[in-house]
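# Notes for the structure review
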Amino acid sequence: MLFSKQTYIDRRKTLKNRVGSGLIIIMGNNDSPMNYPANVYRFRQDSSFLYFFAQQRDGLVGVIDCDEDKEYLFGNDIDIEDIVWFGQVDSVADMASQIGVAHSAPMSQLKVLVDKVKSQGRKVHYLPPYRHDIQIQLMDLLSIHPSEQRAKASVELIKAVVDQRAVKSADEIIEIEKACAIGYEMHTTAMKLCKPGVTEQYIAGIIGGIASAKGCITSFPSILSMHGEIMHGYPSPRPLEAGRLMLCDAGAETNDNYSSDNTRTTPISGKFDSRQRDIYNIVVECHDHALSIAAPGVKWWDVHFSVARLMTERLKELGLMKGNTEEAVRNGAHAMFMPHGLGHMMGMDVHDMEGLGQIYVGFDNEVRPNLEQFGTNCLRCGRRLQEGWVMTDEPGIYFIPALIDEWREKGINKDFLNFDMLETYKDFGGIRIEDDILITKEGCRLLGKNRIPYYIDEVEAFVAENNK
């Protein structure tokens, strides 16, 4: 258990008061078989279950009865065969006591309670499931087909959980910074290994091993590729080539399930050429611009589009874009170069709470997503920032040959894009710089005690020093 018993008691009390009435069900995760039942993936508990009920064991369900002011932990105690193979573990009753939950019961009793609540005409609240085994459990409990479960999940509960988990406590920030420290080691190691002839998979394997060696995992499958223009360019057996760029997007998740997420782009030959320097410096300026304006009360939507306008201005100076900047951004021309959002919330999930529905996590009644425009439809957040939120700041510029060809053929944003010049950049790849930031009372700050080098002179000096 990561935090004090009182922390979890207080979290559940807050949740109960926000939801107000009905029965809240928070499903824990089960083991996930890899290729046969006894050969399982490393266990990862559901983040919302961890947030409110703390326990890392599989096969548990936490319940809060708002009307009767009761809390339960449901699960089956393990038998002697499990003890032989996996060792002794605490009983469900003991686990309940450790987190201040008064009632515990075998899993068979959960349906008895749910049926009673339903017969009383009271609402049963649950979060959108994302695992098929949990969908089957919910179908047995609630008689809701898996195809309907996400649509019928409790909006009241989703919003309450999002608002609560979004604001990180000081203790949570300490845990995130532990993940950032591992991420620093991962990224600086990748930069040290970045040289012609070394394969993408080798470097990705080494940095993943850094997380594993600390008892942790990567917070998502590492993206490491010379093809930085592919948003999820997973590592291949290709050796790195002189003159190209290596984009590494990777992070760690601590034993206690808090994440980091950074991206760096490193010149494989050790120095950026003039064309790479021009594009890289625009990304740096956009990254730092976001840091300068992100603050409580500022809409992340406005931060994103302020970066988009700055990027457009600088690309116009290089001759890659043209026309009126405001019109170009309004029409989404900048999305040719940055088809994703500026960043996302981060915490226990690297895309924090994304499974609850991005429309609830990143948007509200004031700021609604625009799903009709390319690029804008990929924004993961637009809401007003709050003190205690953790966001990623990750501008990028990419040259995607298929996208260039399609827009040119269809004349999309032809008034704002110089397609003849874009043709000469089809071999460029992509550049992204990403850091994790905490929204503070005054503005924001970078998370992590050590900053991974990202200014050109720092990157080139670091590579030169470590690649001798």
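Residues numbered from 1 in each chain as written. Predicted model: local features only at pLDDT ≥ 70, side-chain atom pairs only at ≥ 80, totals over all residues. Heavy atoms only, no water.

### A few points about the sheet that holds strand β10 (residues 245–250)
With antiparallel pairing, three strands are arranged side by side in an open sheet as β9-β10-β12. For this open sheet the edge positions go to β9 (223–225) and β12 (262–267), each flanked by a neighbour on one side alone. Averaged over all neighbouring strand pairs, the angle between strand axes comes to 10°, with direction disregarded. Its contacts with the sheet put helix α10 (residues 200–213) on β9 and β10, and the angle it makes with β9 is roughly 150°. (Pairing = 2+ DSSP bridges. Helix = DSSP H or I, 4+ residues; strand = E, 2+ residues; numbered from the N terminus. Axes fitted to C-alpha atoms, helices over the stretch in contact; angles between N-to-C directions. Contact = heavy atoms within 4.5 Å.)

### Details of the packing of helix α11 (residues 274–293) against helix α17 (residues 456–466)
The contact between α11 and α17 brings their axes to 11 Å, and the two run at 120°. Viewed along their axes, α11 and α17 adopt a mutual orientation that is oblique. The segment α11 lies against α17, with Arg277, Tyr280 and Asn281 engaging Ile456, Val459 and Glu460. Residues belonging to the contact of α11 with α17 are distributed by class as follows: three nonpolar, one polar and two charged. (Parallel < 35°, antiparallel > 145°, perpendicular 65-115°, else oblique. Nonpolar A, V, L, I, M, F, W, Y, C, P; charged D, E, K, R; others polar.)

### Remarks on the side chain of Asn262
Looking at where Asn262 falls in the secondary structure, it is placed in strand β12. Its relative accessible area of 5% is what places Asn262 among the buried residues. Reaching out from Asn262, the side chain makes a polar contact with the backbone oxygen of Glu434 at a distance of 3.3 Å. Within the local environment of Asn262, its side chain forms a polar contact with the side chain of Asp435, the two groups lying 3.0 Å apart. When neighbours within four sequence positions are excluded, Asn262 is seen to be in contact with His187, Cys248, Asp249, Ala250, Glu434, Asp435, Asp436 and Ile452. (Buried < 20%, exposed > 50% of the residue type's maximum accessible area, 1.4 Å probe, protein only. Polar contact = N/O pair within 3.5 Å; in protein donor to acceptor, adjacent residues only side chain to side chain.)

### Observations regarding the pairing of β12
Within β12, six of the six residues are buried, which leaves the element mostly enclosed by the surrounding structure. Where burial is concerned, the two faces of β12 agree: the one with Asn262, Arg264 and Thr266 and the one with Thr263, Thr265 and Pro267 are both buried. When β10 meets β12, the two strands line up antiparallel, connected through six bridges. Counterpart to Leu247 in the pairing with β12 is Thr265.

### Description of the layout of surface pockets
In this structure, the largest pocket occupies an estimated 1200 Å³ of space. Looking at the largest pocket, it is lined by 49 residues, and the ones nearest its centre are Ser219, Asp349, Val350, His351 and Glu354. Secondary structure elements with two or more residues in the lining of the largest pocket: β1 (23–27), α2 (47–53), α6 (132–142) and β8 (217–218). Classifying every residue of the lining of the largest pocket by side-chain character gives 22 nonpolar, 14 polar and 13 charged. The space that makes up the second largest pocket amounts to roughly 510 Å³. (1 Å grid on protein atoms, 1.4 Å probe; cavity = no way out; pocket = protein on both sides within 12 Å on 5 of 7 lines; lining within 4 Å. Points joined across faces, edges and corners; volume = space filled by probe spheres on them.)

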